[in-house]
Number of protein chains: 4
Amino acid sequence: MGLEVCKAVDAAPDLDLVALLDHDDTRASAVEAGARVLVDFTNPGVVMENLRWAIEQGINVVVGTSGFTTERLDEVRGWLAGRPEVGVVIAPNFGIGAVLMMQFAARAARYFDSVEIIEQHHPRKLDAPSGTAMHTARLVAEARRAAGCPPMPDATEEEFAGARGTDIEGVRVHAVRASGLIAHQEVLFGAAGETLTIRHDSLDRSSFMPGVLLAVREVVKRPGLTLGLDELLD
Amino acid sequence: MGLEVCKAVDAAPDLDLVALLDHDDTRASAVEAGARVLVDFTNPGVVMENLRWAIEQGINVVVGTSGFTTERLDEVRGWLAGRPEVGVVIAPNFGIGAVLMMQFAARAARYFDSVEIIEQHHPRKLDAPSGTAMHTARLVAEARRAAGCPPMPDATEEEFAGARGTDIEGVRVHAVRASGLIAHQEVLFGAAGETLTIRHDSLDRSSFMPGVLLAVREVVKRPGLTLGLDELLD
Amino acid sequence: MGLEVCKAVDAAPDLDLVALLDHDDTRASAVEAGARVLVDFTNPGVVMENLRWAIEQGINVVVGTSGFTTERLDEVRGWLAGRPEVGVVIAPNFGIGAVLMMQFAARAARYFDSVEIIEQHHPRKLDAPSGTAMHTARLVAEARRAAGCPPMPDATEEEFAGARGTDIEGVRVHAVRASGLIAHQEVLFGAAGETLTIRHDSLDRSSFMPGVLLAVREVVKRPGLTLGLDELLD
Amino acid sequence: MGLEVCKAVDAAPDLDLVALLDHDDTRASAVEAGARVLVDFTNPGVVMENLRWAIEQGINVVVGTSGFTTERLDEVRGWLAGRPEVGVVIAPNFGIGAVLMMQFAARAARYFDSVEIIEQHHPRKLDAPSGTAMHTARLVAEARRAAGCPPMPDATEEEFAGARGTDIEGVRVHAVRASGLIAHQEVLFGAAGETLTIRHDSLDRSSFMPGVLLAVREVVKRPGLTLGLDELLD
């Protein structure tokens with residue numbers, strides 16, 4: 001992932017790649033190179049120390065590393081309090097398409113009688129449904145509760161076990177696994193006489209680069225902590 | 001359904017509607033009118049008597065009524081033995097699109113590593129999965145067994161109950177229910193680097209009329225008993 | 001349409017149908033019945049007189065009639081200036097699904113390299129592409145211009161005339177016509193490694209009723225003129 | 001392609017890779033290694049000489065090289081006449097999914113009022129529509145002519161140039177180009193009240209390997225010349 005980011009930054013006409021840090025490189029070289037933004041795709045064991053150091057140096061940070069608990073986020077906020085001009089963006093998902101799919105799903109949720117999620121992945125995947133499907137289902141469920149939507153209509157009386165998928169907070173989720181698939185998700189909304197479908201197809205991790213570049217461009221304008229890409233998308 | 005058939009026959013340039021029989025009409029009028037084909041969309045309680053009578057009169061019959069057991073079919077074969085020039089077509093489904101979907105699915109089944117079925121219906125439907133989905137799954141499973149296909153790949157270890165659908169003879173089937181849907185089915189085949197999807201969308205029962213007309217045209221050329229539309233399609 | 005609206009209002013637990021006006025009914029009966037909202041699905045020849053009268057009577061109005069030019073809208077604004085407590089909602093499209101599709105498309109437009117529109121309709125349709133597809137293309141084109149997006153990539157050198165669809169302000173639009181279709185539209189966005197698809201399927205005009213009811217509920221809270229459903233959706 | 005084939009053969013439990021010939025390798029080593037089947041993915045300049053030699057040696061051949069004219073095919077038939085026990089399979093497309101899509105499309109063509117083709121590819125593609133789409137359109141058109149189908153219904157009166165796609169022998173074909181796409185095709189059939197859609201998604205050339213292996217397994221059972229995968233698929 002780190003190398004992909006370097007290539008993407010290097011290819012962007014408005015950005016300069018000034019340093020590339022691997023496991024055994026010293027961070028100081030980033031300061032010498034005049035880095036304004038540090039992109040961290042490392043691991044939960046080292047990311048906190050990287051963040052502390054970068055904030056201290058006045059370098060903005062974009063983080064794709066996982067493992068951020070509420071405690072860790074509070075710690076980052078503490079460091080930022082001492083350097084109010086520094087910006088940090090931490091995002092669990094840099095796929096703009098996936099983030100938009102979830103935003104749109106949350107927004108559409110209250111206007112339809114029914115909504116179900118069908119996710120489709122390669123057969124080597126260990127969990128079903130996918131994390132993205134679970135997260136989408138929860139966003140949709142929350143939006144419907146907030147709007148006071150009634151339960152969805154469903155007259156099913158005779159069901160072969162599992163046919164109607166799994167129930168995530170009242171939203172049915174179906175997980176398809178097949179060779180030839182990569183990572184796909186469909187959110188289907190229905191009301192009398194119409195359906196609205198939002199579908200995301202992800203083929204490889206090059207799809208995360210536009211989100212990383214967006215965060216790099218925005219982090220310098222947003223002091224403090226920003227969580228997720230949502231806010232950066234207008 | 002009967003009325004729809006009458007309209008469809010009437011509108012077909014190569015067919016003549018010579019009689020329309022309701023509950024209290026006498027069948028004799030069909031003979032007087034010179035009927036060559038009788039179309040029966042009645043109910044299991046009267047269809048056998050209709051068939052016996054029509055075969056006796058030398059009238060070919062197309063039957064969309066349900067409830068045909070092996071015993072009933074044998075009885076019909078017995079009547080036809082005495083009138084070898086008469087043809088009878090009995091079909092559970094006159095939707096040409098649905099019949100083709102099932103044929104294609106059965107044919108493709110052996111060439112792919114994976115196959116799953118996603119059916120989508122209006123939320124007033126009582127059973128899940130649909131009869132068509134169950135039937136398709138069994139055809140696919142049978143074709144795979146016949147070709148000696150290995151089990152499908154699936155590394156799922158952690159599953160929220162029902163996420164992976166129901167298992168019909170080794171084929172996963174997912175049933176979606178939402179307002180705005182009518183009757184839809186997708187059969188998804190996957191192998192390394194590719195997927196093949198066969199999808200049928202049925203909006204109303206006018207979709208059965210081409211199948212009924214096909215049967216009317218073919219039954220006069222096919223003495224004896226024909227089961228299902230499959231044979232009539234080429 | 002008028003009758004459908006009456007049924008929908010009548011079926012809504014929080015709304016009362018107090019009057020139903022046909023061609024030859026007198027509007028005064030609406031006042032006597034205590035109408036708070038008038039829903040107008042008439043024709044361009046009479047809608048202005050209906051609006052003038054209702055505003056004068058202090059009745060809020062929801063309008064689905066077409067033919068509103070800038071001049072007509074200014075005239076309505078003039079009448080409303082004298083009755084600042086009255087609300088009027090005029091919308092060209094009461095399909096919430098279609099309106100959301102267009103909103104989402106406009107919002108996603110700037111984040112992807114490519115976007116194309118495929119609309120699919122029954123073969124009795126006279127124009128191609130559909131008005132909704134044209135409108136969506138223009139919204140998308142406008143959003144991309146505003147964000148400074150470069151032209152979309154397209155290396156096509158050899159094209160059979162028409163294969164690449166029609167060009168609406170730089171957005172390719174494809175119009176499919178086939179029996180069995182009703183009214184469908186897909187907006188396909190693509191960037192490296194991913195696609196995002198927003199699809200709307202409309203089966204009948206019952207799909208407009210939730211939008212009409214939403215407007216009826218909202219118009220009493222929104223004095224002045226509101227154009228389109230967009231603002232009413234959050 | 002050649003290397004991919006070698007890997008695929010090597011990985012197949014019922015096949016042995018006995019030789020791997022590159023540009024400068026001598027074909028004799030294949031004979032020494034006891035090759036029963038030669039797979040040729042070379043170029044039009046050398047394929048004929050390879051074929052002549054292999055047939056002479058009594059080695060069966062599977063050919064994925066392009067450029068076979070009627071004359072070339074006749075020449076191959078001539079060589080085979082002298083070695084009636086040798087089999088040769090020459091196929092323009094080893095993608096089983098694509099071949100099945102075309103077979104199914106040709107078969108369904110006569111039963112529907114309408115059919116249109118939508119192909120979707122990456123934006124670096126030079127031609128529109130794709131060769132596969134053109135070929136599918138011709139197969140469909142031929143099947144409809146053979147069955148005496150009337151022209152498709154289409155009431156379009158006002159068309160923005162190109163909106164209705166290109167006309168290939170009466171079949172409308174639409175070519176979508178967008179980043180994030182690879183190679184996809186949808187054949188949409190419609191009749192009153194229903195549609196049937198056959199869709200193929202191809203992600204990479206690993207999808208050709210099952211077709212190559214099928215041909216390798218079948219060519220030893222089929223003396224003479226076999227053109228295309230169709231016959232090998234039962």
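Looking up chain A in an unreviewed UniProt entry gives the name 4-hydroxy-tetrahydrodipicolinate reductase, with the organism given as Actinoplanes octamycinicus. Turning to chain A, the UniProt annotation filed under Subunit (unreviewed entry) states: "Homotetramer."

Asks: How should I be thinking about empty space enclosed by the protein in this particular structure?
Replies: Over the atoms a probe the size of a water molecule is rolled, and this reveals where empty space is left. Scanning all chains against the criterion turns up three cavities of 30 Å³ or more. Estimated volume of the largest cavity: approximately 1,000 Å³. Forming the boundary of the largest cavity are 45 residues, of which Glu186 of chain A, Glu186 of chain B, Glu186 of chain C together with Glu186 and Arg199 of chain D lie nearest the centre. Elements with a contribution of two residues or more to the lining of the largest cavity: β9 (183-191) and β10 (194-202) of chain A, β9 (183-191) and β10 (194-202) of chain B, β9 (183-191) and β10 (194-202) of chain C together with β9 (183-191) and β10 (194-202) of chain D. Here the element with the most residues in the lining of the largest cavity is β10 of chain A; it accounts for five residues. When its residues are assigned to classes, the lining of the largest cavity shows 13 nonpolar, 20 polar and twelve charged.

Asks: Is there a simple way to think about the interface of chain B and chain A in this case?
Replies: How big an interface is tends to be stated in terms of the accessible area lost upon association of its parts. Across the boundary between the two partners, chain B contributes 44 residues, which contact 44 residues of chain A. Carbon and sulfur atoms make up 60% of the surface buried where chain B meets chain A, a total of about 3,100 Å² over both sides. It is Leu126, Phe160 and Ser179 of chain B that lose the most area in chain B upon contact with chain A, and together they represent 16% of the buried surface on that side. If you look at where chain B meets chain A, you find zero salt bridges.

Asks: Can you walk me through the sheet that holds strand β7 (residues 166-168) of chain B in this structure?
Replies: Whenever strands of a sheet pair, they do so through backbone hydrogen bonds, lying parallel or antiparallel. Strand order in this open sheet of ten strands is β7(B)-β8(B)-β4(B)-β9(B)-β10(B)-β10(D)-β9(D)-β4(D)-β8(D)-β7(D), and the pairing throughout is mixed. Two strands lie at the open edges of the sheet, namely β7 of chain B together with β7 (166-168) of chain D, each paired on one side alone. Across the sheet, the mean angle from the axis of one strand to that of its neighbour is 20°, orientation sign disregarded. The sheet contact formed by strand β4 (residues 114-121) of chain D and strand β8 (residues 171-177) of chain D spans six bridges and is parallel. Following the sheet pairing, isoleucine 118 of chain D is matched in β8 of chain D by histidine 174 of chain D. The strands touched by helix α5 (residues 96-108) of chain B are β9 and β10 of chain B together with β10 of chain D; relative to β10 of chain D, the strand with the most contacts, the crossing angle is about 25°. Lying on the sheet, helix α6 (residues 131-146) of chain B is in contact with β4 (114-121), β7, β8 (171-177) and β9 of chain B; it crosses β4 of chain B at an angle near 170°.

Asks: Sorry, what's going on with the relation of the copies chain B and chain A here?
Replies: The operation relating the pair of chain copies consists of a rotation about an axis and a translation along that axis. Overlaying chain B on chain A yields an RMSD of 0.1 Å, the required transformation being a rotation through 180° with an accompanying axial translation of 0.0 Å. What the rotation and shift describe, once combined, is the action of a two-fold rotation axis. Taking C-alpha positions as reference, the residue of chain B nearest the rotation axis is glycine 162 of chain B, located at 1.8 Å. A shared binding surface is used by both copies, with 100% of the interface residues of chain B retained as interface residues in chain A.

Asks: Whenever I open this one, the sheet that holds strand β3 (residues 87-90) of chain B confuses me. Can you help?
Replies: Residue and element names in this part refer to chain B. The four strands are arranged β1-β2-β3-β11 in an open sheet whose pairing can be described as parallel. Because the sheet does not close on itself, it has two edges, and the strands there are β1 (37-40) and β11 (224-227). Pairwise comparison of adjacent strand axes, ignoring direction, gives a mean angle of 15° for this sheet. In this sheet, strand β2 (residues 60-63) lies alongside β1 in parallel orientation, the contact comprising four bridges. Across the sheet, residue aspartate 40 finds its bridge partner in β2, namely valine 63. Those strands touched by helix α4 (residues 70-81) are β3 and β11, and its axis lies near 150° from that of β11.

Asks: Looking at this structure, I do not really get the interface of chain D and chain C. What am I missing?
Replies: In this assembly, 44 residues from chain D lie in contact with 44 residues from chain C. Looking at the side of chain D facing chain C, the largest losses of area belong to Leu126, Phe160 and Ser179 of chain D, adding up to 16% of the total buried there. Summed over the shared surface of chain D and chain C, the result is 24 residue pairs in polar contact (both at pLDDT 80 or more). Counting residues per element, the ones that place at least two in the side of chain D that touches chain C are β4, β5 (127-128), β6 (158-159), β7, β8, β9 and β10 of chain D. In terms of residue count, the dominant contributor to the side of chain D that touches chain C is β8 of chain D (five residues). Taken together, the residues that form the side of chain D that touches chain C break down as 20 nonpolar, twelve polar and twelve charged. Two elements, strand β5 (residues 127-128) of chain C and β6 of chain D, share two bridges in a ladder whose sense is parallel. Bridged to aspartate 127 of chain C within β6 of chain D is glutamate 158 of chain D.

Asks: Can you help me understand the pattern of salt bridges in this one?
Replies: Pairs can form between side chains of opposite charge whenever their charged atoms are close. This model, assessed by the stated rule, comprises 64 salt bridges over all chains. The partner of lysine 221 of chain C in a salt bridge is glutamate 218 of chain C, with the nearest N and O atoms 3.3 Å apart. Arginine 222 of chain C serves as the salt-bridge partner of glutamate 218 of chain C, at 3.2 Å between the closest nitrogen and oxygen. Here glutamate 218 of chain C falls in the buried class, since its relative accessible area comes to 14%. The network of salt bridges with common partners includes Arg27, Glu49, Arg52 and Glu56 of chain A.

Asks: It is not clear to me how the pairing of β10 of chain A should be interpreted in this structure. Could you clarify?
Replies: Each regular strand displays side chains that alternate between the two surfaces of the sheet. The buried fraction of β10 of chain A is high, at eight of nine residues. With nine bridges joining them, β9 of chain A and β10 of chain A adopt antiparallel strand pairing. In the sheet register, leucine 188 of chain A faces β10 of chain A, and the bridge partner there is threonine 197 of chain A. Connecting the antiparallel pair β9 of chain A and β10 of chain A is a turn made up of two residues, with glycine 193 of chain A showing a positive phi of about 80°. Sheet analysis places β10 of chain A next to β10 of chain C, joined by nine bridges and oriented antiparallel. Bridge pairing in β10 of chain C links leucine 196 of chain A to histidine 200 of chain C.

Asks: Mind showing me how you'd approach the packing of helix α3 (residues 47-57) of chain C against helix α4 (residues 70-81) of chain C here?
Replies: The relative placement of two packed helices comes down to the angle between their axes together with the axis-to-axis distance. Residues and elements named next belong to chain C. Closest axis-to-axis distance for the α3/α4 pair is 9 Å, and the angle between their directions is 15°. In terms of orientation, α3 and α4 fall into the roughly parallel class. Considering the relative orientation of α3 and α4, their crossing is right-handed. For the pair α3 and α4, the contacting residues are Val47, Met48, Leu51, Arg52 and Ile55 in the first and Arg72, Glu75, Val76, Trp79 and Leu80 in the second. Looking at the contact of α3 with α4, its residues break down into seven nonpolar, no polar and three charged.

Asks: Would you explain the domain arrangement of chain A in this entry?
Replies: All names here are of chain A. The domain architecture assigned to chain A consists of domain 1 (2-90 + 206-232) and domain 2 (96-202). For domain 1 and domain 2, the distance between their C-alpha centroids amounts to 32 Å. Listed by partner, the interface residues are six residues for domain 1 and four residues for domain 2. Summing the contributions of domain 1 and of domain 2, the shared interface buries around 400 Å²; its carbon and sulfur component is 58%. Across the contact surface, domain 1 and domain 2 share zero salt bridges. Linking domain 1 with domain 2 are one residue pair in polar contact (both at pLDDT 80 or more).

Rules behind the numbers
- Residues numbered from 1 in each chain as written.
- Chains lettered and ligands numbered in written order.
- Predicted model: local features only at pLDDT ≥ 70, side-chain atom pairs only at ≥ 80, totals over all residues.
- Heavy atoms only, no water.
- UniProt positions renumbered as here; feature names shortened; annotations may be inferred.
- 1 Å grid on protein atoms, 1.4 Å probe; cavity = no way out; pocket = protein on both sides within 12 Å on 5 of 7 lines; lining within 4 Å.
- Points joined across faces, edges and corners; volume = space filled by probe spheres on them.
- Helix = DSSP H or I, 4+ residues; strand = E, 2+ residues; numbered from the N terminus.
- Nonpolar A, V, L, I, M, F, W, Y, C, P; charged D, E, K, R; others polar.
- Contact = heavy atoms within 4.5 Å.
- Buried area = accessible area lost by both parts, 1.4 Å probe.
- Salt bridge = Lys/Arg side-chain N within 4 Å of Asp/Glu carboxyl O.
- Pairing = 2+ DSSP bridges.
- Axes fitted to C-alpha atoms, helices over the stretch in contact; angles between N-to-C directions.
- Least-squares fit on C-alpha atoms with pLDDT ≥ 70 in both.
- Polar contact = N/O pair within 3.5 Å; in protein donor to acceptor, adjacent residues only side chain to side chain.
- Buried < 20%, exposed > 50% of the residue type's maximum accessible area, 1.4 Å probe, protein only.
- Parallel < 35°, antiparallel > 145°, perpendicular 65-115°, else oblique.
- Left-handed = near helix turned anticlockwise from the far one by under 90°.
- Domains from an automatic or database assignment.

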